[in-house]
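# Observations on the model geometry
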Amino acid sequence: METQKFSRRGMARMAALLTAGSSLPFYNEAALAQEAQRGMSRGAMPADAVRISSNENPLGPCPEALEAIYKVAKYGGRYQPFGETAAFIKTAAEVEGVKASYIAPFAGSSDPLHRTTVAFTSPERSFVMGDPGYEAGARSAQFIGAKVHRIPLRKDFSHDVEAMCKADANAGVIYICNPNNPTGTLTSRKDIEYVLANKPKGAILLLDEAYVHFADMTPASDLVAADKDVIVLRTFSKAYGMAGIRAGMAIARPDLLEKMRPYGAGMLPITGLAAATASMQVKTLVAERRKINKDIREDTFEFLTAKKFTFVPSQSNKFMLEVNKPGMEVVKALAAEKVFIGRVWPIWPTHVRVSIGTQDEMNKFKSALVKVMA
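Summarised in this report is the structure supplied together with it. (Residues numbered from 1 in each chain as written. Predicted model: local features only at pLDDT ≥ 70, side-chain atom pairs only at ≥ 80, totals over all residues. Heavy atoms only, no water.)

### Quick word on the overall build of the protein chain
Convention followed: Each helix is a run of DSSP H or I of at least 4 residues and each strand a run of E of at least 2, with the numbering of both proceeding from the N terminus. Accessible area is worked out with a 1.4 Å probe on protein chains only. A residue is then buried under 20% of its type maximum, exposed over 50%, and partly exposed in between. Surface accessibility follows the Shrake-Rupley procedure with a 1.4 Å probe radius. Residue values consider only the protein chains on display as shielding.
Along the backbone of the protein chain there are 14 helices and 12 strands. Of all 374 residues assigned to the protein chain, the portion counted as buried reaches 54%. Only carbon and sulfur atoms are counted for the fraction: they give 55% of the accessible area of the protein chain, which is about 16,500 Å².

### A closer look at the sheet that holds strand β10 (residues 318–322)
Where we set the bar: Two strands are said to pair when DSSP picks up at least two bridges between them. Contacts are assigned to residue pairs that have any heavy atoms within 4.5 Å of one another. To obtain each axis, a line is fitted to C-alpha atoms, and for helices this fit is confined to the stretch in contact; angles are then taken between N-to-C directions over 0 to 180 degrees.
Ordered in space as β9-β10-β12, the three strands form an open sheet in which the pairing is antiparallel. Across the chains shown, the open sheet's two edge strands, defined by having one partner strand only, are β9 (310–311) and β12 (351–355). Pairing analysis gives five bridges linking β10 to β12, with the strands arranged antiparallel. Within β12, the position partnered with M320 by the bridge is R353. Against the sheet, helix α12 (residues 285–306) makes contact with β9 and β10, and its axis sits at roughly 5° relative to β10, the strand it touches most.

### Describing the nonpolar core
Counted only if it meets this: Working definition of a nonpolar core: buried Ala, Val, Leu, Ile, Met, Phe, Trp, Tyr and Cys residues. They are joined through side-chain atoms within 4.5 Å.
The biggest cluster of nonpolar side chains holds 42 residues, and the ones touching the most others in it are F88, I103, I176, L205, L207, V230 and F236. Ranked by size, the runner-up nonpolar core spans 32 residues in total, among them M129, V148, L233 and L257.

### Remarks on the pattern of salt bridges
Opposite charge on two side chains permits pairing when their charged atoms draw close. Put simply, the test is: Any Lys or Arg side-chain nitrogen located within 4 Å of an Asp or Glu carboxyl oxygen qualifies as a salt bridge.
In this structure the tally under the stated criterion is 20 salt bridges. Where D255 meets R253, a salt bridge forms, and the shortest distance between an N and an O atom there is 2.8 Å. Note on D255: relative accessible area 37%, which makes it partly exposed. Taking the relative accessible area as the measure of exposure, R253 reaches 15% and is therefore buried. In this structure, the salt-bridge partner of R297 is E298, at a minimum N-O distance of 3.3 Å. Of the residues examined, E298 reaches a relative accessible area of 31% and is grouped as partly exposed.

### Notes on the packing of α12 against helix α14 (residues 359–373)
Put simply, the rule reads: For classification purposes, angles smaller than 35 degrees are called roughly parallel, those larger than 145 roughly antiparallel, those between 65 and 115 roughly perpendicular, and all remaining angles oblique. Should the near helix be turned anticlockwise from the far one by less than a right angle, the crossing is termed left-handed; should it be turned clockwise, right-handed.
One way to put it is that α12 packs onto α14 with a least axis distance of 10 Å and a crossing angle of 20°. Between α12 and α14, the angle falls in the class roughly parallel. As for how α12 packs across α14, the hand of that crossing is right-handed. Along its contact with α12, which presents I296, D299, T300, F303 and L304, the element α14 presents Q359, M362, N363, F365, K366, L369 and V370.

### Some words on unusual backbone geometry
Cis geometry marks the peptide bond from D131 to P132; its omega dihedral reads 5°. Positionally, P132 belongs in the loop between β3 (126–131) and α6 (136–143). One non-glycine residue, D227, lies in the positive phi region at around 65°. Note that D227 resides in the loop between α9 (221–225) and β7 (230–235).

### Quick word on the sheet that holds strand β2 (residues 103–106)
Strand-to-strand pairing in sheets goes through backbone hydrogen bonds, with the strands running parallel or antiparallel. The seven strands lie next to each other as β2-β8-β7-β6-β5-β3-β4, forming an open sheet whose pairing is mixed. The sheet terminates laterally at β2 and β4 (148–152), the two strands that pair on one side only. When strand polarity is set aside, the average angle formed by the axes of neighbouring strands in this sheet is 20°. Bridge count for β3 against strand β5 (residues 171–177) is four bridges, and the pairing is parallel. When the bridges of β5 are listed, V128 appears paired with I174. On top of the sheet, helix α4 (residues 84–96) reaches β2, β7 and β8 (248–251); it is set at about 125° to β2, its chief contact. Most of the contacts of helix α8 (residues 189–198) go to strand β6 (residues 204–208), to which it runs at about 155°, and overall it touches β5, β6 and β7.

### Quick word on helix α13 (residues 327–336)
Condition: Comment: arc refers to directions from the helix axis out to C-beta atoms.
For α13, the full list of buried residues reads G327, V330, V331, L334 and A335. For α13, the angular spread of buried residues about the axis comes to 135°, placing them on one side. Of the surrounding elements, those touching the buried residues of α13 are β11 (339–341), β12 and α14. One or two residues past the end of α13 sits K338, with phi positive at roughly 65°.

### Considerations on the packing of aromatic side chains
We count it as follows: Aromatic pairs are defined between Phe, Tyr and Trp rings, using the six-membered ring for Trp, whenever the two ring centres lie within 6.5 Å; interplanar angles under 30 degrees are classed as stacked, those over 60 as edge-to-face, and all others as tilted. Only when the NZ of Lys or the CZ of Arg is both within 6 Å of the ring centre and within 35 degrees of the ring normal is a charge said to sit over the ring.
Tallied over the full model, the rule gives seven aromatic pairs. Ring centres of F157 and W348 lie 5.8 Å apart, and the angle between their planes is 80°; on these two criteria the pair is classed as edge-to-face. Of this pair, F157 sits in the loop between β4 and α7 (161–166) while W348 sits in the loop between β11 and β12, and the two are 191 residues apart along the sequence. Site record: aromatic cluster; members linked through ring pairs are F88, F236 and Y240. If you follow K318 out to its NZ or CZ, it ends over the ring of Y211, 3.1 Å from the centre.

Laid out in structure tokens, this is it:
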């Protein structure tokens, strides 16, 4: 009976996905940023615009990734000319310390985020997240009729894991973005382990580590290796600078990955696979980029502190800035100065999110901020 129930539910979800087409509210970071800026100029951004709105890495792909793309692109008429998927999985498994069967490649981390949400939530099983938090999974849950519980962050801006575990005895997914988007703050390993020990029966922990490479923290792939009820998401869009190329992965037990697979179609392009594999093989890349981002971020924070602005101390490549007025007013005012920052979260209406750009971009942001806030 349970198998039939799941089958009917799965068929209903698949039908909804297939018939909805372009109306699906399955956004990634870029789409959410565009939506937030609706009503402002819809034309192309000026060539000299400061683009610090979508948590992109202005450094772009590393030279090794670019070389890998160049070498493989001419074979683009083939789906997998040289076994790029196998090479990606082998490399990722070695880096993460898990079995190859625990790695599933995707075109970024948004795809597995939505698949996981659709696979493990339903009108009977809810989605639990922190607030403010990354909204894409919640939109997927709402689309299939699942209830969403938004739990305010603690005063230290970490996830309130006790409240999240108590939010709904029938929760299907507890979602934690760590470091969090938009705050860039960390939830401790102790708290992550608390969720796994105290979550509702049958729920899974969806741990989004899109920004893990920017922070001084230990990734959670060892929890996957220990066969916990956790799905870890990774992307090459952030520290690796591949937002426009698209590559990512889900790391989980094979049975959890298998439940995700029916809720989507498509493949990771060979260019993304080759670039991601080459990037993982550059052993110094993450540490070097973490330092570059940290140096620019701390310089920005020193400026904001000197100017008596209030902000959330971040360990990521973005931060939340208190502007003491409706946040969208500041977003639009900065856009008029050709400085494009991120969006506003309803729970914090007077905060705006700012991504970390190059030093030159952040210097322009500083000047524009002083001007619009005068």
